[in-house]
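Tertiary structure, described
Each chain, letter by letter, is given below.
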Amino acid sequence: MAEAVRDVAVPNGEVPGDEQPLLETLTLNVKLPRHPFSIKIVVSIRETFNDIRQSILDLPSTIQYTCFSLWFDGAKLNDFLELSSVEGIHDGATLELHEEAYNEREARAHFLKVRDIMGLASTKNYPIAALSSGLSALESLETKTQAFQKKSAAVAHPMVDFALTGMPVLQEVLPAPEPAKPQLVKSLSLSHWHPPPPNLRLRGHLLYLQVLTLEGYAHHITADVSGFYVSNSSNQKFDPSPRAAVGKSYRAHSLLVLLQELSTLFTEGLLSWQTELGKRDPLTIYTPTNALLASPWLSRPAPPPVADVSRTQEQYLLGGSDNLDTVRDWNEDLQSTREMPRDTIQERVLRERLLNKLYFDFAEAAAKGAVLIAHDEIPALNPNETRDAQIFLYNGIFFSYGADGIGTFAKEGGDPAARYAVGKDLSGVKFVTQLDVEGICPLCTVIIDYCGRRIVAQSPVPGIFRQREDGTNQIVYGGVDGRDTIANDPSFRPMFEKIAESLHLKPHTVWDKDGNPKDLVTSVELKGLNGTDGRKYIIDLYRIAPLDVEFLETYGDKYPHKMTVLRTEAVEEWWKEQVRKWITERSEKLKAEGKEAKIVYKPLSTEAQPDTKESDEASTEEKTVDEAKVGETTKDEEPKPEVETIEISGHMFSLNPDVYSGQQPVTEDDQKTYAADEADVRQVSQFLLSTVIPGMVNDIRSGVVSVPLDSKQLTKLFHKRGINMRYISKVIEAVNNVEEETKTGKLSLFRVLLKTEIILRSAKHVINKLIKSLPAPIVTHAFAHIFNSLIGMKYNAEPTSEVDPTIIALYSSSEEDTVFKFTKLSAKDIQAAIADEASLRFFYSLEESWVDTIRPIQLFRELSLKFGLQWRSKQYLFEKPVEENNSTPPEAVRAPVEIKPNGAHKTNGKANGSAFKHGKKSKAGKKEAAVVAPVVLAQPSLPKVTFMPEDLLNIMPVMKDSTMRSLIADEAMEAGRVSIMQGDKDLGVELLLEALSLHEQIYGIIHPEVARAYSQLSMIYGGLEEKVISAELARKATIIAERTLGLDDAETVLMYLNLALTEHANGNSLLGLMYVRRACTLWRIVCGDGHPDNVNTMNNAAVMLQAVKEYHDSRKWFEMSLEQCEEIFGAHSLNAATLYFQLAQALVLTQDSKQAVTKMREAYTIFHSELGPDDKNTKESEVWLERLTHSAVNHARQARELQNRKVRKPQSAGSGNSSTSTPLDSATAVGSAAAASARKGGASVTEVIPTALNTKSVEELVKYINN
């Protein structure tokens, strides 16, 4: 099967005929000892029995089982065996679940499981516990949609009262609160008689528990190897013997079953809660195994704690009396897992699953330790050193600060250089980890940013804290003691060559302090270590690419540090460009010689071992095949041109990573070589400025790349192109150089995003400096004051921070203590510091009034996400309310106010956003849409400032990890795509399903990568016209994305839009509109107004409104979409022409023939001007224009004739519209056509009317539509 996946990935997509199907599922029966006595589960043949165990643990009908084994055919099964390895397992086979004897660890785990089922709060993730985490709004939206579908809602459709402009409502980010879990017992905890004495432990006693039921009865329970039973103990007497009972058993293997026997209210409450959970989608309640739930930046306060003694006992229940159950040797676990075999698909899946779980567990443990370190809860190993130089060891993890505590980066810039180097080191570790070179051992690495401090967590290298007896250094490759000594152990070279090949680095010479040359294949800063466990480790990967020489020479003296390293993506882009040019030149030369070029990539690793028998045989075989192909001719065929191979090897166009880093060549030859290497590296820097940056701007302008929604997407776009974020001002210059786009167009919002990013990153640096040394109780005051000075300036231009003087006195060491410097800073001081930081780091001068131009909600959100802040969910005041309208409180009530037809109605002196609400009915019996806008009712009191310290509810650590992506899952997904593109739909679908299964197995079901896999599959199935499956996959993707990426993450917003389109394609337009409303709500909070893609979203909403026959509202959404399109793309753009076309159809549906003709004429004029008279769009718009014109003329003539015939009975204006005696006119016919095309979701001119109908008469068209 491994070969099948590999073969599909090749261009021809052929798969050997004797291969087994990649995806095979079985339905197994599991026999249970208790009710329901049997269950059925569907599993994959590649799953292990441990996976089946986990499925049984999660099923509602089998939650009471935790300590059991699975048997088949009278034999006990090993949990780590795969189903396919057990002889006799077949579809319909029966497994038996046997309850096993407990030990203390199993009993503690069972007790914790029961607490979890009962909904008791856990302290497992206490240091990093988030508020309102893992929520999903999708099910609540589906519930609201049912009211529209049943016609029981107060309004006709979800978009009626939606405001497109004005201040967004922040409370709409969070869904409605979930129902509280019912209380099942008053208390359940370890008894004060615990632990068992030695003599009773020998008899099998494990735990002593006590429970107080809702009925008020107290019971003492003994847990022994056989299960749980009620004992004769009481609060005053210790007697762990079983309580005697007549006709009733007080013993059970499961504590959950025993509690059901003891308390009727417990049974009823548990059944009620399980029934409630059964109504929900399992994806909304599953607990992730390999991912943290998303923590929203707006949240609700934590509920009041419930009295629960066992909550304080949980650490013992988790780790045992000595806490050894949770202590791990992370490095040994990582390296032994990496050394697992990976020859077959099964081995690769198991290896990658264990690696992914290990990286997640490490990141979680590292985050907990970092928070404790930031709170001074963990003592340093070197307490006599300065704070930045201190190191820590906690839970088997090595911690250090991301600062230059010992002067390592003194020449490069000190603390700023050290902080930057830490981030680049993580990127290097991630690169090497993903490369997965056999024999080299990268470390688990996580960066945690918390309250202004950057803390680095790593798995310790074995022996790193021990001095060698012979006095030698562990570092045997790279620079030792800085660069004074350089080592190059030849045993490291083969592995480092593979890394260098991927990075396009060349073997080069470096010199130590005495001028002695040494040959290296990677940067001198990258080091290889020999661990005491015999493994080879790689560390210090912060400079795996060359320095950005053009930036250094231009800004080096002004920039905070000199660690300006090129991104590996930039080097890759430059290398591809050089190879592309070289291949083109060689191919043209061969073509001129009458030869045909064959391009072959020859890895450097192959060149390193040219004398092996295998490589000789392979090259001989390849040569033979090529010669045979060249020589194959028939009598009727002309001789084929000679084929010449063009080899692309790993060392071509490679770079020296150590140029411009202080190296001093000694000999003249070395100096020449070094100068040539410098020229190559300079070429990459110039390529970045001259090609990559303008190319990105042009791609955004032309629509090849969409404008990012937020900072996260913008950063991802930059990094994917190889552009460092320090080049933001250069990108702004490139945007400004596009003259026709300086005032309107896609680049306008892009420029705003770039400027916001400069402010955001500059503010981040300023805030880090101010809060880095603050004690925990003061941090909330600092954040509130800084946010008021930056985001709340329009509300209060002179905010102040009031901190309890007694708290300040506790932490201040002298009268001149600078720890509380922030309290003395005015708003203008903080703004000036941000402007200075923008000039220093980005060489961008913010205008004097830049604070007035910021977008408060977007900056509020971005800063909160950068620092892991969770604010109280409420409507914050960003501007001072107008006095005559009293005040605008944060918790204000929204009320609809009618807007004039021209949209000029204003509230508080400012134009409000338009919305739609159905008002009175017309004579025809249909509701007419009245435009309304939300207004805020006044409240008597207002806060002094926008943000109060009490509004900051929680601070979460922000983590960056080195988790490895699954290679096999990505390969299977790509193989499926290739197969579908080559026309093999069945194989492609099978591979895609296999890829999804691999994602779920490796990452767990609740994981961001699984959400992305579901989303990709949804789009692929949509392209295959599998609409129902596409919608279901999109729904799953959205739920998982909400819970793991975030409720308002940019990817979540886009998944909502995709889900809306798939539901609309399935005929569920009302549900699609509900999803569009949710996406637009989040869009306005995430990005603000004016995004180019918002035009499409508004257009889609209009089409869906047409599908549910809300023609008047649909027309208004088309008009607003057109208005925004003209502002962004221009009034004479093709985008505007398409919207004119659709608006004309919408006007027909509202019986406005005159305006329909006008708009269609505008569409035709633009198409004719931009595309020419022969273009399909031009012709179709001309056909529509002719028919609409003909319809309008007939309509006017009929109206005049009717008016003349009824002279004695005067008619009101527009009587032609109310005529019922005339036949169906052309306008109505065309309107029906427009409605039909809208229901099909047509978004382009070419899809509005079939070409075959262009030649039909109006009467024929009417017949066609009515059919």
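Quick summary incoming for the structure in this document. (Residues numbered from 1 in each chain as written. Predicted model: local features only at pLDDT ≥ 70, side-chain atom pairs only at ≥ 80, totals over all residues. Heavy atoms only, no water.)

Quick word on the overall build of the protein
Counting its regular elements, the protein contains 40 helices and 32 strands. Residues classed as buried in the protein amount to 51% of the 1267 residues present. Long-range contacts, defined here as pairs at least 24 residues apart, represent 71% of the contacts in the protein between residues at least 6 apart. By element, 52% of the accessible surface of the protein is carried by carbon and sulfur atoms, the whole surface being about 58,900 Å². (Helix = DSSP H or I, 4+ residues; strand = E, 2+ residues; numbered from the N terminus. Buried < 20%, exposed > 50% of the residue type's maximum accessible area, 1.4 Å probe, protein only. Contact = heavy atoms within 4.5 Å. Areas by Shrake-Rupley, 256 points an atom, 1.4 Å probe, with all protein chains shown as cover.)

So, empty space enclosed by the protein
Scanning the entire structure with this criterion turns up eight cavities of 30 Å³ or more. The wall of the largest cavity is formed by Leu 709, Asp 710, Ser 711, Leu 714, Leu 753, Thr 756, Glu 757, Arg 855, Gln 858, Glu 862 and Val 1086. Secondary structure elements with two or more residues in the lining of the largest cavity: helix H19 (711-721), helix H21 (746-771) and helix H26 (856-867). Looking at the lining of the largest cavity, the element that brings in the most residues is H21, giving three residues. (1 Å grid on protein atoms, 1.4 Å probe; cavity = no way out; pocket = protein on both sides within 12 Å on 5 of 7 lines; lining within 4 Å. Points joined across faces, edges and corners; volume = space filled by probe spheres on them.)

A short note on the pattern of salt bridges
Per the stated rule, a full pass over the model turns up 63 salt bridges. With its nearest N and O atoms 2.4 Å apart, the salt bridge here joins Arg 1035 to Asp 281. One end of the pair, Arg 1035, is in helix H30 (residues 1027-1044); the other, Asp 281, is in the loop between helix H7 (264-278) and strand E11 (298-299), and 754 residues separate them in sequence. With a closest N to O distance of 2.2 Å, Lys 755 and Glu 847 form a salt bridge. Note that Lys 755 is positioned in helix H21 and Glu 847 in the loop between helix H24 (827-842) and helix H25 (850-853), a separation of 92 residues in sequence. Each member of the salt-bridge network shares a partner with another, and the members are Lys 716, Arg 965, Asp 970, Glu 1009, Arg 1012 and Glu 1051. (Salt bridge = Lys/Arg side-chain N within 4 Å of Asp/Glu carboxyl O.)

Some words on the nonpolar core
With 227 residues, the main nonpolar core has Phe 750, Phe 783, Phe 860, Leu 863 and Trp 1117 as its most contacted residues. At 14 residues, helix H11 (residues 345-374) tops the list of elements feeding residues into this core. Formed by 32 residues, the second largest nonpolar core is a distinct cluster that contains Val 185, Leu 188, Leu 256 and Val 257. (Core = buried A, V, L, I, M, F, W, Y, C linked by side-chain atoms within 4.5 Å.)

With respect to helix H27 (residues 967-981)
The terminal C-alpha atoms of H27, which comprises 15 residues, lie 21 Å apart, in line with the 21 Å expected from a rise of 1.5 Å per residue. Among the residues making up H27, those that are buried are Ile 968, Ala 969, Ala 972, Met 973, Ala 975, Gly 976, Val 978 and Ser 979. Where H27 begins, one side-chain oxygen reaches toward the backbone nitrogen of Ala 969, 3.2 Å away; that side chain belongs to Ser 966. Gly 983 sits one or two positions beyond H27 and adopts a positive phi of about 95 degrees. (Expected span 1.5 Å × (residues − 1). Polar contact = N/O pair within 3.5 Å; in protein donor to acceptor, adjacent residues only side chain to side chain.)

Topic: the sheet that holds strand E10 (residues 251-252)
Taken in spatial order, the five strands of this open sheet run E6-E7-E8-E9-E10, and their pairing is antiparallel. In this open sheet, the two strands that pair with only one neighbour each are strand E6 (185-190) and E10. The pairing of strand E7 (residues 205-213) with strand E8 (residues 218-224) spans seven bridges and is classified as antiparallel. Paired with Gln 210 across the bridge in E8 is His 220. (Pairing = 2+ DSSP bridges.)

Thoughts on the pairing of strand E15 (residues 445-450)
For E15, a buried count of six out of six residues is recorded, marking the element as mostly surrounded by other parts of the structure. Alternating residues of E15 divide into Thr 445, Ile 447 and Asp 449 and Val 446, Ile 448 and Tyr 450, and every residue in both groups is buried. In this structure, E15 lies alongside strand E16 (residues 453-458), joined through six bridges in antiparallel fashion. Each bridged residue has a counterpart across the sheet, and for Val 446 the counterpart in E16 is Ala 457. Hairpin geometry of E15 and E16 is characterised by an intervening segment of two residues between the two adjacent antiparallel strands and by a positive phi of about 50 degrees at Cys 451. In this structure, E15 lies alongside strand E32 (residues 958-961), joined through four bridges in antiparallel fashion. In the sheet register, Val 446 faces E32, and the bridge partner there is Asp 961.

Brief notes about the packing of aromatic side chains
Centre-to-centre distance and the angle between the planes together describe a pair of aromatic rings. Enumeration according to the criterion identifies 32 aromatic pairs in this entry. Arranged with centres 5.2 Å apart and planes meeting at 40 degrees, the rings of Phe 787 and Trp 871 form a pair that is tilted. With a gap of 84 residues between them, Phe 787 in helix H22 (residues 776-790) and Trp 871 in strand E25 (residues 869-872) connect regions that are remote in the sequence. Grouped by ring-pair contacts, the aromatic residues Trp 297, Phe 783, Phe 787, Phe 860, Phe 867, Trp 871, Tyr 876, Phe 878 and Phe 947 constitute a single cluster. When the ring centre of Phe 551 is taken as origin, the NZ or CZ atom of Arg 726, which lies over that ring, is 5.0 Å away. (Phe/Tyr/Trp six-rings, centres within 6.5 Å; stacked < 30°, edge-to-face > 60°. Lys NZ or Arg CZ within 6 Å of the ring centre and 35° of its normal.)

Focus: the sheet that holds strand E22 (residues 536-539)
If you trace the five strands from one edge of the open sheet to the other, you get E14-E22-E21-E17-E18, paired in mixed fashion. The open sheet has two edge strands, strand E14 (440-441) and strand E18 (485-488), and neither has a second partner. Bridge analysis of E14 against E22 gives two bridges, and the strand direction is parallel. Bridged to Ile 440 within E22 is Lys 536.

Some details on the side chain of Ser 1114
Residue position: Ser 1114 is located in helix H34 (residues 1111-1129). Its relative accessible area of 0% is what places Ser 1114 among the buried residues. Here Ser 1114 is in contact with Ala 1102, Leu 1105 and Gln 1106, once residues within four sequence places are set aside.

Some thoughts on helix H29 (residues 1008-1023)
For H29, spanning 16 residues, the distance from its first C-alpha to its last is 23 Å, which sits close to the expected 22 Å at 1.5 Å a residue. For H29, the full list of buried residues reads Pro 1008, Glu 1009, Val 1010, Ala 1011, Ala 1013, Tyr 1014, Ser 1015, Leu 1017, Ser 1018, Ile 1020 and Tyr 1021. Looking at the buried positions of H29, the neighbouring elements they touch are H27, helix H28 (985-1003), H30 and helix H31 (1050-1065). At the C-terminal side of H29, Glu 1025 shows a positive phi close to 65 degrees.

Section: unusual backbone geometry
Between His 35 and Pro 36 the backbone carries a cis peptide bond, its omega angle lying at 10 degrees. Mapped onto the elements of the fold, Pro 36 is located in the loop between strand E1 (25-31) and strand E2 (38-44). In the segment running from His 194 into Pro 195, the intervening peptide bond is cis, with an omega of 5 degrees. Note that Pro 195 resides in the loop between E6 and helix H5 (198-202). Located in the positive-phi region is Asp 436, a residue other than glycine, with phi close to 55 degrees. On the secondary structure map, Asp 436 appears in the loop between helix H12 (415-435) and E14.

Topic: the pairing of E25
Across a regular strand the side chains alternate sides, sitting on one face of the sheet and then on the other. As judged from the two bridges shared by E11 and E25, these two strands associate in the parallel manner. When the sheet's bridge partners are listed, Ser 299 is paired in E25 with Arg 872. Here E25 pairs with strand E31 (residues 952-955) via three bridges, running antiparallel. Across the sheet, Gln 870 pairs through a bridge with Asn 954, a residue of E31.

Quick word on the environment of Asp 333
When you line up the elements, Asp 333 lands in helix H10 (residues 330-338). What makes Asp 333 partly exposed here is its relative accessible area of 23%. In this view, Asp 333 contacts Arg 328 and Leu 358; residues no more than four positions away in its chain are not counted. In this structure the side chain of Asp 333 is engaged in a polar contact, spanning 3.2 Å, whose partner is the side chain of Arg 328.

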